[in-house]
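If you want the building blocks of each chain, they are given just below.
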Amino acid sequence: MLHVFIINSFSGYGYSSDYIREELKKKENLNCLVFNSEYAGHEAVIAQQIYGFFPDERIRFYICGGSGTFRNVIQNLYESSRVEFAEIPFGINNDFLHVFGDESHKFLNLDSMIRGQHIACDLIKSEECIAHNAISAGYDALAGRFVHRIKYSKSLGKITNHIVGIFAAMLPNSIRANVTFNGKTYNGKFSEIVVAKGCKLGGMMNITNNAKLNDGLVTVALLKHRNKFAFFRAITAMAKGDADRVNKYWIIEKTDSVRITCQKAINFSADGELLKTDVMDISVEKGRIKYIVPEDLGGLY
């Protein structure tokens, strides 16, 4: 097997590249390659090139960055039977790893990840995009626009998700849409629409506490548009995981497919990567990707 490490040079932690390279020097008989991305989206280009250069090789990609970096690498390779994907959390956000609770830190252990095995993991898919953790629109996508504008600016330094989130929450963020799932349609103005495979969004919103890797289902979370006071209470309840208050403000259900129809093209966020469309038909690709978990992972996922 060929082990390929792709490091996002623009991810949240600048030490990641040197750390990984130094650790890999210590590994004897490990058939590996290491690359640093040189521009936004370069990680996807590197992965496709390596995949083409080694047509007869099983490849394990270690994607060292955030949720968007991981999504960018898997988007064109997830259908291949000879590729596995390992997520090394060096990004500002690696929301999907919250599924593993107190064991999520084990994904930083390179030895354990190299010795780890793959498990089948679902994928969220639409005609426009794929996502590993979530597709969302509204408040979260608005915050994502600000993150995209600042994340490569060294002059501004690191801006936390909480600061960006608070700023975005002060701006108008409602969208008019019809959202259909489980035989029901919800229509009107929404402040947030989330379709999540994982359990957390934006590093703070707790979408669900029972996300499963390969059950063929996603969690839909809808927040109807209200005044700012109610909006902040709803977001705070979600951040705190206050079930009673969440149920007061949010519509939350499990489903296997969702259709979102908007009055006009709006920004959607697919694991932090933005796209614009007015219709989104989302389904679940059950067990589609080979997802590497650490050797010493103890829970049943």
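Just so it is clear, the structure is predicted and the values come from calculations on it, not from any experiment.

Things to note about helix α7 (residues 228–240)
Given a rise of 1.5 Å per residue, 13 residues ought to cover 18 Å, and the 18 Å separating the end C-alpha atoms of α7 matches this to within 8%. Buried within α7 we find Ala230, Phe231, Ala234, Ile235, Ala237 and Met238. An end-on view of α7 places all buried positions within 155° of arc, on one side of the element. In this structure, α7 carries Phe229 and Lys240 as exposed residues pointing more than 90 degrees from its buried face. By the N-cap criterion, in which a side-chain oxygen at the helix start approaches the backbone nitrogen of a residue two or three places on, α7 is capped by asparagine 227, the distance to phenylalanine 229 being 3.1 Å. Just downstream of α7, glycine 241 is the residue with a positive phi angle, here 70°.

Topic: the side chain of serine 37
Looking at the secondary structure, you find serine 37 in the loop between β2 (32–36) and α2 (42–53). Within the structure, serine 37 has its side chain in polar contact with the side chain of asparagine 8 (distance 3.5 Å).

Here we look at α2
Its 12 residues place the ends of α2 17 Å apart at the C-alpha level, agreeing with the 16 Å of an ideal helix rising 1.5 Å per residue. Regarding α2, the residues found buried are His42, Glu43, Ala44, Ile46, Ala47 and Ile50.

Re the confidence of the model for the protein
Looking at the protein as a whole, its pLDDT mean stands at 87, while 86% of the residues score no less than 70. Confidence drops under pLDDT 50 across residues 152–159; counting only partners more than four residues distant or on other chains, this segment forms 7 contacts.

Let's talk about the nonpolar core
Within the largest apolar cluster, 45 residues are counted, with the highest numbers of intra-cluster contacts made by Phe61, Phe85, Phe100, Ile289 and Tyr291. Residues Ala131, Ala177, Val179 and Ile282 belong to the second largest nonpolar core, which totals 26 residues.

As for the pattern of salt bridges
Two side chains bearing opposite charge may form a pair once their charged atoms approach each other closely. In the structure shown here, the tally under the stated rule is 12 salt bridges. A salt bridge links aspartate 122 to lysine 197, with the nearest nitrogen and oxygen atoms 2.8 Å apart. With aspartate 122 in strand β5 (residues 117–125) and lysine 197 in the loop between β9 (184–196) and β10 (200–201), this residue pair connects regions lying 75 residues apart in the sequence. Classification of lysine 197 as buried rests on a relative accessible area of 2%. When the shortest N-O distance is used, the salt bridge between lysine 184 and glutamate 253 registers 2.6 Å. Pair noted here: lysine 184 is in strand β9 and glutamate 253 is in strand β13 (residues 250–255), with a separation of 69 residues, a long-range link. The exposure class of lysine 184 is partly exposed, given its relative accessible area of 35%.

Looking at the side chain of glutamate 84
With respect to the element layout, glutamate 84 can be found in strand β4 (residues 83–89). Its relative accessible area of 4% is what places glutamate 84 among the buried residues. In this structure the side chain of glutamate 84 is engaged in a polar contact, spanning 2.8 Å, whose partner is the side chain of arginine 60. With near-sequence residues (within four places) excluded, glutamate 84 lies in contact with Met1, Arg58, Ile59, Arg60, Phe61, His118, Lys290 and Ile292.

Concerning the packing of aromatic side chains
The final tally for this structure, using the stated rule, is 12 aromatic pairs. Note on phenylalanine 5 and tyrosine 62: the rings are 4.2 Å apart at their centroids and 5° apart in plane angle, and the pair reads as stacked. In this pair, phenylalanine 5 sits in strand β1 (residues 2–7) while tyrosine 62 sits in strand β3 (residues 59–65), placing the two residues 57 residues apart along the sequence. For the pair phenylalanine 5 and tyrosine 62, a shared accessibility class is recorded, and that class is buried. Among the aromatic residues, ring-to-ring pairing joins Phe61, Phe70, Phe85, Phe96, Phe100, Phe107 and Tyr291 into one connected group. Here the basic side chain of arginine 82 rests over the ring of tyrosine 51, its NZ or CZ set 4.0 Å away from the ring centre. Lying over the aromatic face of phenylalanine 231, lysine 228 brings its terminal NZ or CZ to 5.3 Å of the ring centre.

Reading guide: rules and limits
Residues numbered from 1 in each chain as written. Predicted model: local features only at pLDDT ≥ 70, side-chain atom pairs only at ≥ 80, totals over all residues. Heavy atoms only, no water. Helix = DSSP H or I, 4+ residues; strand = E, 2+ residues; numbered from the N terminus. Expected span 1.5 Å × (residues − 1). Buried < 20%, exposed > 50% of the residue type's maximum accessible area, 1.4 Å probe, protein only. Arc of directions from axis to C-beta. Polar contact = N/O pair within 3.5 Å; in protein donor to acceptor, adjacent residues only side chain to side chain. pLDDT = per-residue confidence, 0-100. Contact = heavy atoms within 4.5 Å. Core = buried A, V, L, I, M, F, W, Y, C linked by side-chain atoms within 4.5 Å. Salt bridge = Lys/Arg side-chain N within 4 Å of Asp/Glu carboxyl O. Phe/Tyr/Trp six-rings, centres within 6.5 Å; stacked < 30°, edge-to-face > 60°. Lys NZ or Arg CZ within 6 Å of the ring centre and 35° of its normal.

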